[in-house]
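# Report on the structure
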Amino acid sequence: MNTTLIDPRTGRERGTAPVARENEVRSAVEAARAALPGWRGLTPRERSRRLERLAALVEEHADAYAAREAAGTGKPDSETTGEVAQVADLFRFYASAVRAQSAPAAGRLVDGHESWVRWEPLGVVGVVVPWNYPLMMAAWRCAPALAAGNTVVAKPAETTPDTLQLLTEHAAEALGPAVLGVLPGDRRTGRLLVEADVDMVAFTGSAAAGADVAARAAGRRVSLELGGNAPALVLPDAPDDTWAQLARACTYNAGQSCAAPARVITLRENYEQTVEQLAAAARDCLAGQDFGPLNNPDQLARYDGIVKASAAGRNFAADIAPRPGEENGFWRPARILADLPADDPAVLEEVFGPLLTVQWAEDPEAALALADFVPQALAASVWTRDLTTGLDLAGRLDAGETWLNCHLVQTAELPHGGRGASGHGTDLSTLALPEYQRPKTITARLTRGR
């Protein structure tokens with residue numbers, strides 16, 4: 001059984017991919033289970049060396065990864081090349097991080113006894129990743145899981161299997177057979193993997209799908225990153241480049257990022273300036289030239305439905321500039337919606353497209369309340385020249401990650417994770433390693449031998 005793959009830049013077929021079912025899922029999980037003793041039995045140093053080799057292979061074949069990523073997502077070179085480099089860096093980061101772990105407690109903590117804590121891998125981890133960052137989201141999940149000593153079976157999104165398939169080929173060479181396996185397929189494939197004999201599920205996707213994953217996991221550990229609807233609080237003294245920065249951040253990857261700015265919230269006194277400046281900045285971001293298309297027909301229909309249902313009083317849309325032959329791709333322009341009711345669907349729902357809504361509040365306290373009005377709590381930003389006010393608001397926002405005078409600035413060293421409807425769990429940083437481990441306390445009674 002195969003599924004048809006579509007190039008989102010053209011809207012035309014670009015090939016096919018297999019769809020895994022019960023037999024393939026069972027075989028992949030059994031292979032990962034068989035590979036587990038050898039992989040977890042390696043010393044951290046040896047696992048580190050092999051992960052370093054995988055990072056080197058990603059770099060050596062960077063052009064192939066970028067080409068596959070572009071084929072599945074339509075991203076321009078300016079995005080794909082940077083993301084491939086981040087993936088290699090992420091494997092290198094966890095290759096080092098796993099060697100620097102420390103136990104929470106050790107020593108003679110009970111009289112006459114010596115105790116210590118071992119961090120042990122969970123076993124086989126099922127990873128399900130979305131189509132917006134097919135390679136990078138896979139690395140966010142797989143790199144710490146592998147570094148911690150687990151084997152992994154990963155299921156890419158139906159529309160973007162390309163780069164994860166290549167990564168597993170290089171993983172077989174660098175890490176060993178079946179240490180990282182791949183199961184291309186559709187939603188049913190993902191459900192089969194979640195219900196299979198895996199010890200943990202790491203899922204990135206929608207809130208509805210996350211709830212289904214948690215139910216199917218039936219008590220096993222689950223790490224969920226379920227999207228966002230990020231506010232950007234823009235105060236009257238915001239830096240001059242605020243508008244350009246927000247326009248670029250909301251159009252990166254065509255706005256198909258869980259942490260992308262989505263809801264700009266200003267004060268009444270700078271509302272008109274914000275609307276005008278954002279509209280002007282959006283006009284300088286051209287779909288087809290500066291950013292890519294939406295990923296698939298379903299996302300296109302969802303996005304169009306939200307825009308159509310919006311009661312925005314003002315709707316500013318930029319131009320699109322597809323290249324010859326790409327006129328029928330899934331392009332949507334950078335868009336600014338203003339004068340909206342508080343319960344507008346473009347405000348309440350995660351739009352997942354190159355769109356910013358603009359709202360106003362009477363004062364910073366009211367702006368903070370408006371920012372926290374939606375159930376998602378993944379990311380947010382504050383824009384002001386007043387460092388004291390900015391840090392105070394950033395600290396009080398209900399979000400797992402906040403920025404001051406920037407947005408979407410991330411690195412392997414800093415954790416990323418949601419709250420509320422945005423899920424739970426930690427990606428990135430050394431804090432992600434315990435997601436894929438469990439502690440074991442060992443206590444020995446000290447006796448004198450004869």
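This text follows the structure it describes.
It should be emphasised that the depicted structure is a prediction, and the values quoted were computed from it without experimental measurement.

## Focus on the overall build of the chain
Regarding its fold elements, the chain presents 14 helices and 20 strands. Since a compact globule built from 450 residues should have a radius of gyration of about 22 Å, the 23 Å found for the chain is in line with a globular shape. Principal axes of the C-alpha set define a box for the chain whose edges measure 85 × 55 × 40 Å. Counting contacts in the chain only where the partners sit at least 6 residues apart, residues at least 24 apart contribute 74% of the total. When the accessible surface of the chain is summed, it comes to about 18600 Å², and 50% of that surface belongs to carbon and sulfur atoms. Side chains of the chain give 44 positive and 57 negative charges; the mean places of these two sets differ by 10 Å.

## Details of the sheet that holds strand 19 (residues 423-424)
Remark on secondary structure: sheet strands pair via backbone hydrogen bonds, oriented parallel or antiparallel. Pairing is mixed in the open sheet, where six strands are placed in the order 7-6-5-8-9-19. Looking at the sheet topology across the chains shown, the edges are occupied by strand 7 (180-182) and strand 19. With three bridges joining them, strand 6 (residues 151-155) and strand 7 adopt parallel strand pairing. Residue V152 lies in a different strand from strand 7, and its bridge partner there is L180. Across the sheet, helix 1 (residues 22-40) touches strand 5 (124-128) and strand 6, and the angle it forms with strand 6 is around 150°. Taken strand by strand, helix 6 (residues 162-174) contacts strand 6 and strand 7, and its axis lies near 150° from that of strand 7.

## Some thoughts on the state of the cysteines
With the rule as written, the count across this model stands at zero disulfides. No disulfide involves C250; its nearest neighbouring cysteine sulfur is the one of C285, lying 7.1 Å away. The exposure class of C250 is buried, given its relative accessible area of 4%.

## Quick word on the pairing of strand 4 (residues 113-121)
As paired elements, strand 3 (residues 107-110) and strand 4 share two bridges and run antiparallel to each other. Residue pairing for strand 4: G107 is matched across the bridge by S115. If you look at the hairpin formed by strand 3 and strand 4, you'll find two residues sitting between the two strands, and G112 has a positive phi there, around 80°. Pairing of strand 4 with strand 20 (residues 437-445) involves nine bridges; the strand directions are antiparallel. Residue pairing in the sheet places E114 in a bridge with A444 of strand 20.

## Some points on the sheet that holds strand 3
Here we have three strands laid out as an open sheet, ordered 3-4-20, and antiparallel in their pairing. With partners counted over all chains shown, the strands left at the sheet margins are strand 3 and strand 20, one partner each. Adjacent strand axes in the sheet meet at a mean angle of 45°, parallel and antiparallel pairs treated alike.

## Some thoughts on the side chain of T10
On the secondary structure map, T10 appears in the loop between strand 1 (2-7) and strand 2 (12-18). On the basis of relative accessibility, which here comes to 10%, the residue T10 falls in the buried class. Within the structure, T10 has its side chain in polar contact with the backbone nitrogen of R12 (distance 3.1 Å). If we ignore the near neighbours within four places in the chain, the residues touching T10 are G325, E326, N328 and G329.

## Observations regarding the pattern of salt bridges
All told, the structure shown has 28 salt bridges when counted by the stated rule. As a salt-bridge pair, D240 and R385 come within 3.0 Å of each other at their nearest N and O atoms. Highlighted residues: D240 in the loop between strand 10 (230-234) and helix 9 (242-251) and R385 in the loop between strand 16 (379-383) and helix 14 (387-396), separated in sequence by 145 residues. Linked by salt bridges that have partners in common, R191, E195, D212 and R216 make up one network.

Cut-offs and rules
- Residues numbered from 1 in each chain as written.
- Predicted model: local features only at pLDDT ≥ 70, side-chain atom pairs only at ≥ 80, totals over all residues.
- Heavy atoms only, no water.
- Helix = DSSP H or I, 4+ residues; strand = E, 2+ residues; numbered from the N terminus.
- Rg over C-alpha atoms; globule rule 2.2 N^0.38 Å.
- Contact = heavy atoms within 4.5 Å.
- Areas by Shrake-Rupley, 256 points an atom, 1.4 Å probe, with all protein chains shown as cover.
- Lys, Arg positive; Asp, Glu negative; His and termini not counted.
- Charge placed at Lys NZ, Arg CZ, Asp CG, Glu CD.
- Pairing = 2+ DSSP bridges.
- Axes fitted to C-alpha atoms, helices over the stretch in contact; angles between N-to-C directions.
- Disulfide = S-S within 2.5 Å.
- Buried < 20%, exposed > 50% of the residue type's maximum accessible area, 1.4 Å probe, protein only.
- Polar contact = N/O pair within 3.5 Å; in protein donor to acceptor, adjacent residues only side chain to side chain.
- Salt bridge = Lys/Arg side-chain N within 4 Å of Asp/Glu carboxyl O.

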